[in-house]
Amino acid sequence: MMIQNTTLQTPDFSNIVPLLPLRGVILMPRTLLPVPILDTAQAAMIMACLQVDQKKIGLVQPISMLFEGQVLAPLFSTGCLGEIVEFGRTEENSLVVILKGICRFNIVEELPPENGCRQARVSYDAYPADLIEQSDFTIDRARLLRSLKSYLLANDVGADWEALEKASNDQLLNVLSVACPFEVREKQALLESRNPQEQSRVMTALMEMAVLDHQTRNETCH
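Values in this document were obtained by computation on a predicted structure and should not be read as measured data.

Caption draft 1: Up close: unusual backbone geometry. With a phi close to 65 degrees, R30 is a non-glycine residue in the positive phi region. By the element assignment, R30 lies in the loop between β1 (16–21) and β2 (32–36). A positive phi is found at D156, a non-glycine position, where the angle reads about 55 degrees. Positionally, D156 belongs in the loop between α2 (141–154) and α3 (161–166).

In structure tokens form, the structure reads like this:
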């Protein structure tokens, strides 16, 4: 794999981050993600981050939404640090925060909640390349786009195909990982991909299996 501007940066942000658990949602480096704020605890966490000018939150998926008494839902061990780039209300008067993905992390240990918000000590060591845009790497782009076209058609989802074709491999993989309606564990597999080639292979396989499943259901119904 060839990478332009290959000097890897050392993260200069904190290794203790507030956590925003959201099931079925992932954030990838260099992508923008609007996140609706659904409860007062989430809103308080966002406001606290803005007040101390930290502006960074770790987005992570719960493994399960089930709670046992006062035990918080367990989390997947990998998430992504996001920077708050906008926070406000929509035209429908709903709160929303827009996060920009920075770097994936592994949770080292979850710490006691602070001000009602979950937090953890994290390590960025497994994903140093997240801090640069990998502008020169190869994937089977033709197969990925063919699979994507069939996947969107099967799910009756529209897309700006011209923009997708113009996107770099880096943009294409990360935006699709965030935007496509994959299952929780499927999204987590994309998030935990060790490199772009693995991410591309996983995504292509997920879309091809989804299309095959759709075709099988249609044949069964007929």
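From this point, the narrative continues.
Caption draft 2: Just the packing of α2 against helix α4 (residues 169–179), in detail. For the pair α2 and α4, interaxial distance at closest approach is 12 Å and the crossing angle is 35 degrees. Judged by the twist between their axes, the crossing of α2 over α4 is left-handed. Of the residues in α4, those touching α2 at R141, L144, L145 and L148 are N169, L172, L173 and L176. Here the contact of α2 with α4 is built from residues that sort into six nonpolar, one polar and one charged.

Caption draft 3: Spatial organisation of the pairing of strand β4 (residues 78–89). Inspection of the sheet shows strand β3 (residues 56–60) paired to β4 by four bridges, in the antiparallel sense. Each residue of the ladder has a partner; that of L59, found in β4, is C80. Examined bridge by bridge, β4 and strand β5 (residues 95–114) share eleven bridges and lie antiparallel to one another. Across the sheet, the residue bridging to G79 is F105, located in β5. Once β4 ends, the chain turns through five residues before running back antiparallel as β5, passing N93 with a positive phi of about 70 degrees.

Caption draft 4: Quick peek at the pattern of salt bridges. Counted according to the given criterion, the structure contains seven salt bridges. Linking R121 and E109 is a salt bridge whose minimum nitrogen-to-oxygen distance equals 2.1 Å. Of this pair, R121 sits in strand β6 (residues 117–123) while E109 sits in strand β5; the two residues are twelve residues apart in sequence, bridging distant segments of the chain. According to the relative accessible area criterion, R121 is partly exposed, its value standing at 28%. Two residues, R143 and E208, come together in a salt bridge whose shortest N-O distance is 2.8 Å. Linking R143 in helix α2 with E208 in helix α6 (residues 196–221), this pair joins segments that are 65 residues apart in sequence. In this structure R143 comes out as partly exposed when scored by relative accessible area, which is 38%. The exposure class assigned to E208 is partly exposed, which follows from its relative accessible area of 30%.

Thresholds applied
- Residues numbered from 1 in each chain as written.
- Predicted model: local features only at pLDDT ≥ 70, side-chain atom pairs only at ≥ 80, totals over all residues.
- Heavy atoms only, no water.
- Helix = DSSP H or I, 4+ residues; strand = E, 2+ residues; numbered from the N terminus.
- Axes fitted to C-alpha atoms, helices over the stretch in contact; angles between N-to-C directions.
- Left-handed = near helix turned anticlockwise from the far one by under 90°.
- Contact = heavy atoms within 4.5 Å.
- Nonpolar A, V, L, I, M, F, W, Y, C, P; charged D, E, K, R; others polar.
- Pairing = 2+ DSSP bridges.
- Salt bridge = Lys/Arg side-chain N within 4 Å of Asp/Glu carboxyl O.
- Buried < 20%, exposed > 50% of the residue type's maximum accessible area, 1.4 Å probe, protein only.

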